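Observations on chain architecture
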Amino acid sequence: MHDFVIRTLSNAGGTAAISDYGTHLLRWAPAGQPDVIWTPSTWRFENGRPLGGGVPICFPWFGPGYAHGRQTAKSSIHGFARRSWWRLDSDSSAGGQSVGDQSAGSCIRYVLEPADAPAGEVPWLDDEPNPRFRAVYDVTLQARSLTMALTVANTGEAPLTFEAALHSYLHVGDLDGARLRGLEGSTYLDATIAGFPPKTQADEDVTFGDSAVDRVYYSDRPLELHDAVLGRTIRIDKSGSPQTVVWNPGRTGGEALANTRPGAGEWRGFVAVEAAICRDKAVTLAPDASHTLAQTLTVA
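Residues numbered from 1 in each chain as written. Predicted model: local features only at pLDDT ≥ 70, side-chain atom pairs only at ≥ 80, totals over all residues. Heavy atoms only, no water.

1. With respect to the overall build of the protein chain
The test is simple: Every helix listed is a DSSP run of H or I at least four residues long, and every strand listed is a run of E at least two residues long, numbered separately from the N terminus. In this description the radius of gyration comes from C-alpha coordinates, and the expected globular size is given by 2.2 Å times residues to the power 0.38. Type-normalised accessible area, obtained with a 1.4 Å probe on protein chains alone, sets the label of each residue: buried when under 20%, exposed when over 50%, and partly exposed for intermediate values. Whether two residues are in contact is decided by their heavy atoms, any of which lying within 4.5 Å being enough. A positive count includes Lys and Arg, and a negative count includes Asp and Glu. His and the chain ends are not counted in either. In this description, the location of a charge corresponds to atom NZ of lysine, CZ of arginine, CG of aspartate or CD of glutamate.
Helices and strands together make up the secondary structure of the protein chain, namely 1 helix and 24 strands. Against the 2.2 N^0.38 benchmark of 19 Å for 300 residues, the protein chain shows a C-alpha radius of gyration of 18 Å, consistent with a compact globule. Dimensions of the protein chain, computed from C-alpha atoms along their principal axes, come out at roughly 50 × 45 × 30 Å. Counting all 300 residues of the protein chain, 54% fall into the buried class. Looking at the protein chain alone, contacts between residues at least 24 apart form 68% of all its contacts between residues at least 6 apart. When the 26 basic and 34 acidic side-chain charges of the protein chain are each reduced to a single mean position, those positions are 2 Å apart.

Here it is in C-alpha cells:
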C-alpha cells in the first residue's frame, strides 16, 4: 500500500510541487508569477488513474502506442509511467509527506524499473518479450526556469524500443490571447483528422480557440508561448526530442474531458506543448545504451 505524497521544491526563484505517484509535476510558479503549469481545479488522487493536468510522463508508449509502422490500440493511453509508483532516489534532497507539502531543495530524482510497473504492463511489444530498463527522472528548479529530464537506459540483453513525451500543460490567461511561435514551416501530423494526414505549418504562429488542436510537429526548435492576457512569454527549450506535440481539446473535447475532470470552461486556460519521441521517431536502444528527453521552461 502506497501513500500519496507531494514533494515541494523551493528556492528564491520560486516553488514547484511533484507527486511520487507518476512523478507528476503538479505546479511550478516563479516568484511573483502566476502558475506556469496548469492543473484542473477538480483533480484528485485515485490509484490506477492518471492525475489531471500538470506534466504527466508518457512512457513507454504515446497515445495508444505505435509499432511496425502503424498505430496500435492499447487501452491505457500514454503508457504506464503516469500510473506507476516511482521510487525517490536515495540521494535526492526533496522531502515530502502524505498530507500537504514540505519544502525541500531545488532538485529531485525518481527511478522506475519494470518491477515498479502495474501488473501486466510489461512487456508492451510482442517482439520484445523481456524488456529491461531503468528510467530516471530529474526535475531541477532554477531562478526563473524549470528543467525536466527523463533518461531511459536499456539494462537488458536485447534491444529496447519505447516512445515518450513530457506532456506539459502550460497555463495561459485565455486561449484567445495565446500564440505559439517557432514552428513556422514545420511538417506536422494532424490528429484531428482520420489517418493523421501530414500538413505544413504556415509562416505564422500557432493559435487556439474553439476548434481542437492536436498535432505532432517534426521540429526540435525552441519555442515561445506568448500570452497577451497574463502579459508574459514562456520559452520552451528541449533536447533529445525530434518532435513537439501541441494540443488543446477545443470546446467540444474540453467540456467532455473525463481524465482531467475540469470545471466548465477550464480548457481555455491551458495549451499543452510536449517534448516528444513518438510514432516513427520512437527510440530503439542497444543494450547498455541510454537516451535523455529533456525540456526547460523559462518565463520572460
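Moving on, there is more to tell.
2. Details of the packing of aromatic side chains
Condition: The criterion for an aromatic pair is that two Phe, Tyr or Trp rings (for Trp, the six-membered ring) have centres within 6.5 Å, with stacked assigned to planes under 30 degrees apart, edge-to-face to planes over 60 apart and tilted to the rest.
Summed over the entire model, instances satisfying the criterion amount to 20 aromatic pairs. Ring geometry for Trp124 and Phe133: centres 5.9 Å apart, planes at 65°, overall edge-to-face. Taken as a pair, Trp124 and Phe133 share a single burial class, namely buried. When the centroid spacing of 5.6 Å and the interplanar angle of 40° are considered together, the rings of Trp247 and Phe270 count as tilted. Of this pair, Trp247 sits in strand 21 (residues 243–248) while Phe270 is found in strand 22 (residues 270–277), placing the two residues 23 residues apart along the sequence.

3. Some points on the sheet that holds strand 24 (residues 290–299)
Note the threshold: Think of it this way: DSSP has to see at least two bridges between two strands before they count as a pair.
Read across the open sheet, the 9 strands follow the order 7-9-10-11-24-20-19-14-17; overall the sheet is antiparallel. The open sheet is flanked by strand 7 (87–88) and strand 17 (206–207), the only strands paired with a single partner.

4. Describing the pattern of salt bridges
Quick note on the threshold: Each salt bridge in this description consists of a side-chain nitrogen of Lys or Arg and a carboxyl oxygen of Asp or Glu lying within 4 Å of one another.
Tallying each qualifying case throughout the model produces 17 salt bridges. Between Glu121 and Arg83 there is a salt bridge; the shortest N-O distance is 2.7 Å. Of this pair, Glu121 sits in the loop between strand 9 (107–112) and strand 10 (133–141) while Arg83 is found in the loop between strand 6 (70–71) and strand 7, placing the two residues 38 residues apart along the sequence. An identical accessibility class is assigned to Glu121 and Arg83; each is buried. For Arg235, the salt bridge identified is with Asp237, shortest N-O distance 2.8 Å. Here Asp237 falls in the partly exposed class, since its relative accessible area comes to 23%.

5. Quick look at the sheet that holds strand 15 (residues 187–190)
The pairing of strands in a sheet happens through backbone hydrogen bonds and is either parallel or antiparallel. Read from one edge of the open sheet, 7 strands run 4-13-22-21-18-15-16, paired in antiparallel fashion. Here the strands that pair on one side only, and so sit at the sheet edges, are strand 4 (57–58) and strand 16 (198–200). Direction of pairing for strand 15 relative to strand 16: antiparallel, over a ladder of 3 bridges. Following the sheet pairing, Thr187 is matched in strand 16 by Thr200.

6. Remarks on the state of the cysteines
For clarity, the cut-off: Count a disulfide wherever a pair of cysteine sulfur atoms falls within 2.5 Å.
What the rule picks out here adds up to 0 disulfides. In this structure Cys58 is not part of a disulfide, and its nearest cysteine sulfur, from Cys278, lies 9.1 Å away.

7. A closer look at the pairing of strand 15
Sheet topology note: the strand 15/strand 18 (residues 213–217) ladder contains 3 bridges and is antiparallel. Pairing of Asp190 across the sheet is with Arg215, part of strand 18.

8. Thoughts on the side chain of Asn154
Test applied: Under the rule applied, a polar contact is a pair of N or O atoms within 3.5 Å (in protein, one hydrogen donor and one hydrogen acceptor; residues adjacent in sequence only if both atoms are side-chain atoms).
Within the element layout of this structure, Asn154 appears in strand 11 (residues 145–154). For Asn154, a relative accessible area of 2% gives the class buried. Side-chain polar atoms of Asn154 contact the backbone oxygen of Leu285, separated by 3.0 Å. Contacts of Asn154, omitting those with residues within four sequence positions, involve Arg132, Pro159, Leu160, Leu285, Ala286, Pro287, Asp288 and Ala289.

9. Considerations on the nonpolar core
This is how the line gets drawn: By nonpolar core we mean a set of buried residues, namely Ala, Val, Leu, Ile, Met, Phe, Trp, Tyr and Cys, connected to one another through side-chain atoms within 4.5 Å.
Core analysis: the largest hydrophobic core is formed by 65 residues, its most contacted members being Tyr137 and Leu180. Core analysis: the next-biggest nonpolar cluster, separate from the first, contains 8 residues, Cys58, Ala165, Val245 and Ala276 among them.

10. Quick notes on the environment of Ser90
Relative to the helices and strands, Ser90 resides in the loop between strand 7 and strand 8 (96–97). Among the residues examined, Ser90 registers a relative accessible area of 70% and is labelled exposed. The sequence separation of Ser90 and Gly185 amounts to 95 residues, and the corresponding C-alpha distance is 45 Å.

11. Topic: the confidence of the model for the protein chain
Detailed reading of the predicted model is not advised wherever pLDDT is low. Basically, it comes down to this: Predictor confidence is given residue by residue as pLDDT, running from a minimum of 0 to a maximum of 100.
In this model, the protein chain carries a mean pLDDT of 92, and residues with pLDDT of at least 70 account for 92%. Ignoring residues within four places in sequence, the model shows residues 95–103, a span with pLDDT below 50, making 21 contacts including any to other chains.

12. Description of the pairing of strand 24
Two elements, strand 11 and strand 24, share 9 bridges in a ladder whose sense is antiparallel. If you follow Met148 over to strand 24, its bridge partner there is Gln295. Pairing geometry for strand 20 (residues 232–239) and strand 24, over 6 bridges, is antiparallel. Each bridged residue has a counterpart across the sheet, and for Ile236 the counterpart in strand 24 is Leu297.

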